[in-house]
Amino acid sequence: MDEIKKYLACEGRVNIICAETTELVEKARKIHDLSPLATATLGRLLTMGAIMGTRIKEEEDSITLQFKGNGPIGTVMCVADGKPSVKGYVGNPQVDMPLKENGKLDVSGAIGKDGLLYVIKDLGLKKPYVGITPIISGEIAEDFAKYFAESEQTPSVVALGVLVDSKGTKKAGGYFITLMPDATEEDIKQIEEAVSKADPISTMLEKNMTLQQIAETVTGDSNLMVLLKEIKPKYECNCNKEKFKTGIKSLKKEEIEEIFEKEGKIETVCQFCNKKYEFKKEEIEEDE
């Protein structure tokens, strides 16, 4: 079962968020009919979105994560709220590339290294916060570590992983380690050594390690302080017919009339969940 847990390590000087997101990534795979490579790519971003969603104070606030690289997968996008619920899509859901020399799926090749990572936070203020950093690897976790260091001045360790086979998503998850202002050089050295010795996150999950065991492994601390709030991330889209109706009405009247003349109706499809909404002419004109 998908879950996210938060811990404090090193006597409260290090924060760690651990997540298992296997079910929500598998749901995304089924909704979008994703190839294994697209599953791994979007799955990593959805996992990061779920983790970052736990840092949003209000449930209705949201954060949008977007990779726009020059690779064949096109745009990769995720939207998360404070529950956290996540949703996302990729430009090319059937993208395929040769495996890397180490036998791993080529996520970085799919995204491409020439492009930008966008982090857009809509926290109920007059204007959303927009952070933009160049893509450095396309592996997603490394790019977010750079984003946090440069845009939020937060030294961090980010790990994201999705393990897929012929049947779908076997395991997916990640962890996010940040240092408190009072973290010591010894804390940093301990974390670096622990992370370097740890298996990839997807491997640890495949070994059926609990999130606490993973947190202990990657921090080198067996005396974690557990933050008890139960967090259950899920893939969920909040689209509805009224939202699409509003979007249609924002078009020019001539454009709307032209569509009705050609098609007799307007059909829209949500890019996050593939749900279809059909509108007749009288539905669009009824409030005018």
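Just above sits the structure.
Residues numbered from 1 in each chain as written. Predicted model: local features only at pLDDT ≥ 70, side-chain atom pairs only at ≥ 80, totals over all residues. Heavy atoms only, no water.

Visitor: Would you take a moment to explain the packing of aromatic side chains for this structure?
Guide: For any pair of aromatic rings, the description consists of the separation of the ring centres together with the inter-plane angle of the planes. In total, this model carries 5 aromatic pairs according to the counting rule given. Residues tyrosine 147 and phenylalanine 148 carry aromatic rings whose centres are separated by 5.2 Å and whose planes lie at 70° to one another, so their mutual orientation is edge-to-face. Judged by its relative accessible area of 0%, tyrosine 147 is buried. Residue phenylalanine 148 is classed as buried on the basis of its relative accessible area of 0%. Ring pairs connect the aromatic residues Tyr147, Phe148 and Phe176, which therefore count as one cluster. The ring of tyrosine 118 has lysine 68 sitting right over it, with the charged end atom 5.8 Å from the ring centre. The aromatic ring of phenylalanine 272 is capped on one face by lysine 87, whose charged end is 4.7 Å from the ring centroid. (Phe/Tyr/Trp six-rings, centres within 6.5 Å; stacked < 30°, edge-to-face > 60°. Buried < 20%, exposed > 50% of the residue type's maximum accessible area, 1.4 Å probe, protein only. Lys NZ or Arg CZ within 6 Å of the ring centre and 35° of its normal.)

Visitor: Got a minute to help me understand the sheet that holds strand 10 (residues 225–231) in this structure?
Guide: Note: strands within a sheet are paired through backbone hydrogen bonds, in either parallel or antiparallel orientation. Reading across from one edge, 8-9-2-1-10 is the order of the 5 strands in this open sheet, with antiparallel pairing throughout. Since the sheet does not close on itself, it has two edges, and those belong to strand 8 (156–165) and strand 10, each with one partner. Ignoring which end each strand starts from, the neighbouring axes of this sheet average 10° apart. Summarising the sheet, strand 1 (residues 3–9) and strand 10 pair through 4 bridges and their orientation is antiparallel. From the neighbouring strand, leucine 8 faces strand 10, where its bridge partner is methionine 225. Together, strand 2 (14–20), strand 8 and strand 9 (168–179) form the strand contacts of helix 5 (residues 185–197), whose direction differs from that of strand 9 by roughly 165°. (Pairing = 2+ DSSP bridges. Helix = DSSP H or I, 4+ residues; strand = E, 2+ residues; numbered from the N terminus. Axes fitted to C-alpha atoms, helices over the stretch in contact; angles between N-to-C directions. Contact = heavy atoms within 4.5 Å.)

Visitor: Would you take a moment to explain the state of the cysteines for this structure?
Guide: By definition, a disulfide links the sulfur atoms of two cysteines through a covalent bond. Enumeration over the complete set of coordinates arrives at 0 disulfides. In this structure cysteine 18 is a free cysteine whose sulfur lies 13 Å from that of cysteine 10, the closest cysteine sulfur available. (Disulfide = S-S within 2.5 Å.)

Visitor: Sorry if this is basic, but what is going on with the packing of helix 1 (residues 22–32) against helix 2 (residues 36–53) here?
Guide: When two helices pack together, their arrangement is captured by the angle between the axes and the distance separating the axes. Two numbers describe how helix 1 lies on helix 2: the axes approach to 9 Å, and their chain directions differ by 135°. Taken together, helix 1 and helix 2 sit at an angle that is classed as oblique. For helix 1 against helix 2, the interelement crossing comes out right-handed. Contacts from Leu24, Val25, Ala28, Arg29 and His32 of helix 1 reach helix 2 at Thr39, Leu42, Gly43, Leu46 and Thr47. Considered class by class, the residues forming the contact of helix 1 with helix 2 number 5 nonpolar, 4 polar and 1 charged. (Parallel < 35°, antiparallel > 145°, perpendicular 65-115°, else oblique. Left-handed = near helix turned anticlockwise from the far one by under 90°. Nonpolar A, V, L, I, M, F, W, Y, C, P; charged D, E, K, R; others polar.)

Visitor: Can you help me understand the pattern of salt bridges in this one?
Guide: Where charged atoms from two side chains of opposite charge come close, those side chains can pair. Enumeration over the complete set of coordinates arrives at 15 salt bridges. For aspartate 199, the salt bridge is made with lysine 207, and the minimal N-O distance between the two is 2.5 Å. The salt bridge partner of glutamate 258 is lysine 262, with a shortest N-O separation of 3.3 Å. Of this pair, glutamate 258 and lysine 262 both sit in helix 9 (residues 253–263), 4 residues apart, which is roughly one turn of the helix. Accessibility expressed as a relative area gives 42% for glutamate 258, which makes it partly exposed. In the salt-bridge network here, residues are joined through shared partners; they are Glu3, Lys5 and Lys232. (Salt bridge = Lys/Arg side-chain N within 4 Å of Asp/Glu carboxyl O.)

Visitor: In this structure, what is going on with the nonpolar core? I would like to understand it.
Guide: Soluble globular proteins: nonpolar side chains tend toward being buried together. Counting residues in hydrophobic clusters, the biggest one holds 61 residues, and the most contacted among them are Met48, Phe67 and Phe144. Tallying contributions element by element places helix 2 first for this core, with 10 residues. If near-sequence neighbours (up to four positions away) are discounted, phenylalanine 144 is found in contact with Leu45, Met48, Met52, Leu65, Phe67, Leu117, Val119 and Val158. Judged by nonpolar contacts, the second largest core, of 19 residues, contains Ala9, Ala159, Ala215 and Val218. (Core = buried A, V, L, I, M, F, W, Y, C linked by side-chain atoms within 4.5 Å.)

Visitor: It is not clear to me how a negative patch on the surface should be interpreted in this structure. Could you clarify?
Guide: A cluster of acidic residues, Glu185, Glu186, Glu192 and Glu193, forms a negative patch at the surface. If you trace the backbone, glutamate 193 turns up in helix 5. A relative accessible area of 39% places glutamate 193 in the partly exposed class. (Patch = residues over 30% accessible without salt bridge, like charges linked within 9 Å, V, L, I, M, F, W, Y side chains within 5 Å. Areas by Shrake-Rupley, 256 points an atom, 1.4 Å probe, with all protein chains shown as cover. Lys, Arg positive; Asp, Glu negative; His and termini not counted. Charge placed at Lys NZ, Arg CZ, Asp CG, Glu CD.)

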